[in-house]
Amino acid sequence: MTGRVRRAAWIGGAAAAALVLVVSALHTPPVRQWALRQAVEVARARGIAVSAAALHYNLAAMRVAVDGLEVRSPQAPDLPPLFRADRIEVDLSLGALLRGAYHIERAAIRNPRLHVAVDGAGRDNLPRLPEQEPSEGEVDYRIALLEVNGGGLRYDDERQGAAVELPLDRITVRDEVILVQGAGGGRVTLGGRTLPLGNLMADLRLLRDALEVKRFEAALGDSTLALAGTVREFAAPRLDLTAETALDLAPLAAFAGSRQRVQGRLEASITATGPVPELQARARIAGRDLAIEQFERLAIEAEAAYDAAAARVRLESLEVAAPAGTVAARADVALKTGESTARLEARGVDVEQLSRAF
């Protein structure tokens, strides 16, 4: 019995030593370089050109790290990389992997840059992925914690002379909660005209088949947008969204390339509910002390509704007040087929003053 125990102990020790040697060999620089080359080849076979400065991993801790990652489109190697990051670290759950699931216990991305570019010929830098066989069932995935520091988003379209740059401060994903904080200093360019893109902030909940927007805020110049609500059933979206916006008209008109004189500030509240084919939307607009060309001190109030199923827009009320008088209007417009109606009313109009203005 003692001999058998000794042989078993010797075999167990030898097996453990062999495992340690194998694991140690897998962590040597030559093997890590070989693993990196294999990963690059797998990505290329799927239509993605990937390069990296170094690959690090710890099999015992189920930790993987990549330095200097760069992703390109093999179809457009002369265009800028689609994605770059200084470092990516991922800690996986071994128990979940053994069950065929992908659970990320912690991930960190340092200075990621996503850049979508379209050249003058209409080519873009998005990789063309081969068609894949439909998978059976849903993939079991979970991200316990993802931390993104620095980096930003960029879009360039040479055909339109359009560009968007959005620097990021940080993104935090904890289970289904997503927090996004911009870094400021962004900009939007169109035809050589530029507006600053103000600080962006988002508080989101990403569920299995829904996106809950707790809070979203962004600014373009001195114009602001705030959004809240829910998008459900991504395959056939159902909306329940509310938006509040304040528009600084003069810089927006100049940015759009308008030569008309437009000044003042316009505020709007918009709601959208229901599935997209049957969308119901309402908008309320108000503006004070506006100027359009030679007309000064204008006040505008309007309320409108949109019915996607009926393909109709109803202008429930519109009132434009000026020193020369007030104009009110209502309308019901068929976007496809059907009867459209409109009513216009003028009150207290000073014809002589209007003539001078024209």
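What counts, and at which threshold
- Counting from 1, residues in each chain are numbered in the order their sequence is written.
- Local features in this predicted model are restricted to residues of pLDDT 70 or higher, and side-chain atom pairs are both shown and tallied only at a pLDDT of 80 or more, whereas totals for entire chains, interfaces and linings draw on every residue.
- The basis for the side-chain values is all heavy atoms of the structure; hydrogens and waters are excluded.
- For helices the rule is a DSSP run of H or I covering at least 4 residues; for strands it is a run of E covering at least 2, with both sets numbered from the N terminus onward.
- Exposure classes here rest on a 1.4 Å probe applied to the protein chains alone. A residue is buried below 20% of its type maximum, exposed above 50%, and partly exposed in between.
- The criterion used for residue contact is that any of the two residues' heavy atoms lie within 4.5 Å.
- Two strands form a pair only when DSSP identifies at least two bridges running between them.
- Scored from 0 to 100, pLDDT reflects the predictor's confidence in each residue.
- Polar contacts here mean pairs of N or O atoms no more than 3.5 Å apart (in protein, one a potential hydrogen donor and the other a potential acceptor; neighbouring residues in sequence count only if both atoms are side-chain atoms).
- Residues enter patches when they are more than 30% accessible in relative terms and free of salt bridges; like-charged ones are connected within 9 Å and nonpolar ones (Val, Leu, Ile, Met, Phe, Trp, Tyr) within 5 Å.
- All accessible areas in this document rest on Shrake-Rupley with a 1.4 Å probe, and a residue is counted as covered only by the protein chains that are shown.
- Salt-bridge detection follows one rule: a side-chain nitrogen of Lys or Arg within 4 Å of a carboxyl oxygen of Asp or Glu.
- Only buried Ala, Val, Leu, Ile, Met, Phe, Trp, Tyr and Cys residues count toward a nonpolar core, and they belong to the same one when joined by side-chain atoms within 4.5 Å.

### Some thoughts on the overall build of the protein
Okay, so step 1: A tally of helices and strands in the protein yields five helices and 23 strands.
Okay, so step 2: When burial is assessed residue by residue, the protein has 31% of its 358 residues classed as buried.
Okay, so step 3: Put simply, 43% of the contacts in the protein that link residues at least 6 apart link residues at least 24 apart.

### Points about the pairing of strand 6 (residues 113–118)
Okay, so step 1: With two bridges connecting them, strand 4 (residues 83–92) and strand 6 associate as antiparallel partners. Residue pairing across strands places R84 opposite R113, the latter belonging to strand 6.
Okay, so step 2: Here strand 6 pairs with strand 9 (residues 152–157) via six bridges, running parallel. If you follow H115 over to strand 9, its bridge partner there is R154.

### Here we look at the confidence of the model for the protein
Caution applies to low-pLDDT regions: their predicted coordinates should not be interpreted in detail.
Okay, so step 1: When the pLDDT values of the protein are averaged, the result is 84; 84% of them are 70 or greater.
Okay, so step 2: Confidence over residues 4–25 falls short of pLDDT 50; this stretch has one contact with residues more than four positions distant or in other chains.

### Here's the deal with the side chain of R205
Okay, so step 1: Tracing the chain through its elements places R205 in strand 14 (residues 201–206).
Okay, so step 2: At 2.4 Å, the side chain of R205 and the side chain of D203 are in polar contact.

### Brief notes about the environment of R37
Okay, so step 1: Here R37 shows up in helix 2 (residues 29–45).
Okay, so step 2: With 14 residues separating them in the primary sequence, R37 and S51 have C-alpha atoms 8.9 Å apart.

### Overview of a nonpolar patch on the surface
Okay, so step 1: Residues Y306, V333 and L335 make up a contiguous nonpolar surface patch of roughly 240 Å² in combined accessible area.
Okay, so step 2: In this fold, L335 is placed in the loop between strand 22 (325–334) and strand 23 (341–347).
Okay, so step 3: You can call L335 partly exposed: its relative accessible area is 47%.

### Details of the nonpolar core
Okay, so step 1: Within the largest apolar cluster, 27 residues are counted, with the highest numbers of intra-cluster contacts made by F83, I88, I109, L146, I171, I178 and V180.
Okay, so step 2: Here the element with the most residues in this core is strand 10 (residues 162–174); it accounts for four residues.
Okay, so step 3: With near-sequence residues (within four places) excluded, I171 lies in contact with L146, E147, V148, I178, L179 and V180.
Okay, so step 4: With seven residues, the next largest nonpolar core counts L249, L266, L290 and I300 among its residues.

### Some points on the pattern of salt bridges
Okay, so step 1: Inspection of every chain in the model, using the stated rule, returns 25 salt bridges.
Okay, so step 2: The closest approach of N and O atoms between D119 and R123, which form a salt bridge, is 2.9 Å.
Okay, so step 3: Given the relative accessible area of 9%, D119 is considered buried.
Okay, so step 4: On the basis of relative accessible area, R123 is assigned to the partly exposed category, the value being 34%.
Okay, so step 5: For E296, the salt bridge is made with R261, and the minimal N-O distance between the two is 2.6 Å. Highlighted residues: E296 in strand 20 (residues 295–307) and R261 in the loop between helix 4 (249–255) and strand 18 (262–275), separated in sequence by 35 residues.
Okay, so step 6: Through salt bridges that share partners, R282, R284, E303, R314 and E316 make up one connected network.

### Quick look at the environment of A283
Okay, so step 1: Positionally, A283 belongs in strand 19 (residues 280–292).
Okay, so step 2: Look past the residues within four positions of A283 in its chain and what remains in contact with it is S269, I270, A302, E303 and A304.

### Details of the environment of A304
Okay, so step 1: Take A304: it is sitting in strand 20.
Okay, so step 2: A relative accessible area of 22% means that A304 is categorised as partly exposed.
Okay, so step 3: Linking A304 and A281, residues 23 residues apart in sequence, is a C-alpha distance of 8.4 Å.
Okay, so step 4: Not counting chain neighbours up to four residues away, the residues in contact with A304 comprise A281, R282, A283, R314, L315 and E316.

### Some thoughts on unusual backbone geometry
Okay, so step 1: Not every positive phi belongs to a glycine, and D175 is a case in point at roughly 55 degrees.
Okay, so step 2: Positionally, D175 belongs in the loop between strand 10 and strand 11 (177–182).
Okay, so step 3: Residue classification places D175 among the partly exposed residues on the basis of a relative accessible area of 38%.
Okay, so step 4: For E293, which is not glycine, the phi dihedral falls at a positive 55 degrees.
Okay, so step 5: With respect to the element layout, E293 can be found in the loop between strand 19 and strand 20.
Okay, so step 6: Overall, the relative accessible area of 32% leaves E293 in the partly exposed class.

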